[in-house]
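Observations on the three-dimensional arrangement
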Amino acid sequence: MEFTKTFLMTYHTFTTPEKFLHKLIERYYVPISKKPPDVSKETWETSVMKAIQIRVCNVLRKWIDVFEDELTNTRLLKKLKGFIENVLIPDGHNVLATAMTNSLARHLDSTNKGVVPTLSEQPPEPKVPRLIFSPQLTIHDIHEEELARQLCLIVWEFYSAIKPSELLNQSWSKSKQRHRSPNVLNMIWRFNRISQWVSTCIIECDRIRIRARVLAKFIRTAEHLRRMNNFDTLTAVVAGMTTSAVYRLKWTSEEVGRQLQTSLKTLEKVMSSAGAFKAYRSNLKNANPPVIPYIGIFLTDLTFVDDGNPDYSNNLINFTKRSLVHNIIAQIQQYQLLPYNYHPIHQIQQYIKKYPILEENEMFAKSLELEPRKAERHEIL
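Residues numbered from 1 in each chain as written. Predicted model: local features only at pLDDT ≥ 70, side-chain atom pairs only at ≥ 80, totals over all residues. Heavy atoms only, no water.

1. Points about unusual backbone geometry
The amide bond that connects P289 to the next residue, P290, takes the cis arrangement and shows omega of 5 degrees. Structurally, P290 can be placed in the loop between α13 (274-285) and α14 (295-308). The phi torsion at N314 lies on the positive side, around 55 degrees, for a residue other than glycine. Topologically, N314 is positioned in the loop between β1 (312-313) and β2 (316-317). Backbone geometry at N315 places phi at a positive 65 degrees, although glycine is not the residue there. Here N315 shows up in the loop between β1 and β2. (Helix = DSSP H or I, 4+ residues; strand = E, 2+ residues; numbered from the N terminus.)

2. Focus: the nonpolar core
Counting residues in each nonpolar core, the largest one holds 81 residues, and the members touching the most others are Y159, W197, F218 and M241. Among all residues touching M241, those that are not within four sequence positions of it are V198, I202, L215, F218, I219, A222, V246, Y247 and L264. Residues L8, C57, V59 and L96 belong to the second largest nonpolar core, which totals 28 residues. (Core = buried A, V, L, I, M, F, W, Y, C linked by side-chain atoms within 4.5 Å. Buried < 20%, exposed > 50% of the residue type's maximum accessible area, 1.4 Å probe, protein only. Contact = heavy atoms within 4.5 Å.)

3. Description of helix α3 (residues 41-66)
An ideal rise of 1.5 Å per residue puts 38 Å on 26 residues; α3 measures up with 36 Å between its terminal C-alpha atoms. Approximately 30 degrees is the largest bend angle found in α3, and it occurs at M49. (Expected span 1.5 Å × (residues − 1). Bend = angle between axes of the 7 residues up to and from the residue.)

4. Some words on the pattern of salt bridges
Counted according to the given criterion, the structure contains 15 salt bridges. A salt bridge links E145 to K127, with the nearest nitrogen and oxygen atoms 3.7 Å apart. Of the two residues, E145 is situated in helix α6 (residues 144-159) and K127 in the loop between α5 (94-113) and α6; the sequence distance between them amounts to 18 residues. Classification of E145 as partly exposed rests on a relative accessible area of 21%. Residue class for K127 comes out partly exposed when judged on its relative accessible area of 32%. Its salt-bridge partner being E255, residue R209 comes within 3.9 Å of it at the nearest N-O pair. On the criterion of sequence distance, the pair formed by R209 in helix α8 (residues 208-227) and E255 in helix α11 (residues 250-256) is long-range, its members being 46 residues apart. (Salt bridge = Lys/Arg side-chain N within 4 Å of Asp/Glu carboxyl O.)

5. Considering the packing of helix α7 (residues 182-203) against α8
Contact geometry of α7 with α8 gives a least axis separation of 8 Å together with a crossing angle of 155 degrees. Between α7 and α8, the angle is such that the two are roughly antiparallel. The residues of α8 that touch α7, namely those facing W197, V198, C201 and I202, are R211, V214, L215 and F218. (Axes fitted to C-alpha atoms, helices over the stretch in contact; angles between N-to-C directions. Parallel < 35°, antiparallel > 145°, perpendicular 65-115°, else oblique.)

Without other data, these values stay purely geometric and don't point to any function.
Right, here's the structure in full:
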């Protein structure tokens, strides 16, 4: 079973869905010429051929059940349906044919309608800002916990949509293959965008007390993200608070206070790269869903496995490499099962998504204006 799971998840690294289906159907037709002379035709057909055919059907059924998103090709679907109707049923594999037909029907139904996981508990009461419908809604109006909740919902949309095929062959990092990893690239883009948004919100404040209030708000938001096990957005927010343009604002940091400064340092340690992200990996292992892991670590692990192991060994597919890849992707998948149970607040999400972002050079120039080098506290507004 583990071999089948690994094979189905990674076969894109050495073949296509069309060729895969063709080879399975080809395998179904066991030629009589392969029969050993000492085995009767009846024994060959009832024992050997039937066993192989059932194994082929089981692999096909698993493919439909678990990797149904790959069956979007109309020609592929048509060929699979034809095989079920014109081969399996006449050959007497009615039970397997019915199971596969039902799986295909569920797949087509979920593709057309979209699958929304059901949650048994009611979501917590949202902390709706008083000025929620005002075009003047600002970061100051939004409660830190609600800000964290909406960030979870925004990022979950991308994370939950990532398919195993997007994570193969480092396609997200190759210009000619990037189209194969749309959700991975969306998540990377959103990560960078959130980080830039955090930096921009802080740098835009001309007065130190307002700037410190915004920095404090983001530290508290990061604390909520940690409690919500959203490690990806936690990393993005912390990165936004520790860019060179923000990090150098020592008087702003002083204004925040010792307790929040310590909290930020603690959060930095959680996502520290020390010991190959040892602290983060430990926290992730002990986290209860819902969880959004830091996707960058998984991509680094996949790159390490891909670069460090040959695709073929002695002219055979290196299945050990595929097994390593499968184990990493399976970790990503296990956190896609349970979504966050929060009320979406459209206005807050739009505020985050559409906030105008400053370029890095603009932020640093502004930072120097706010707190010139070697400036004393009394010189800062």
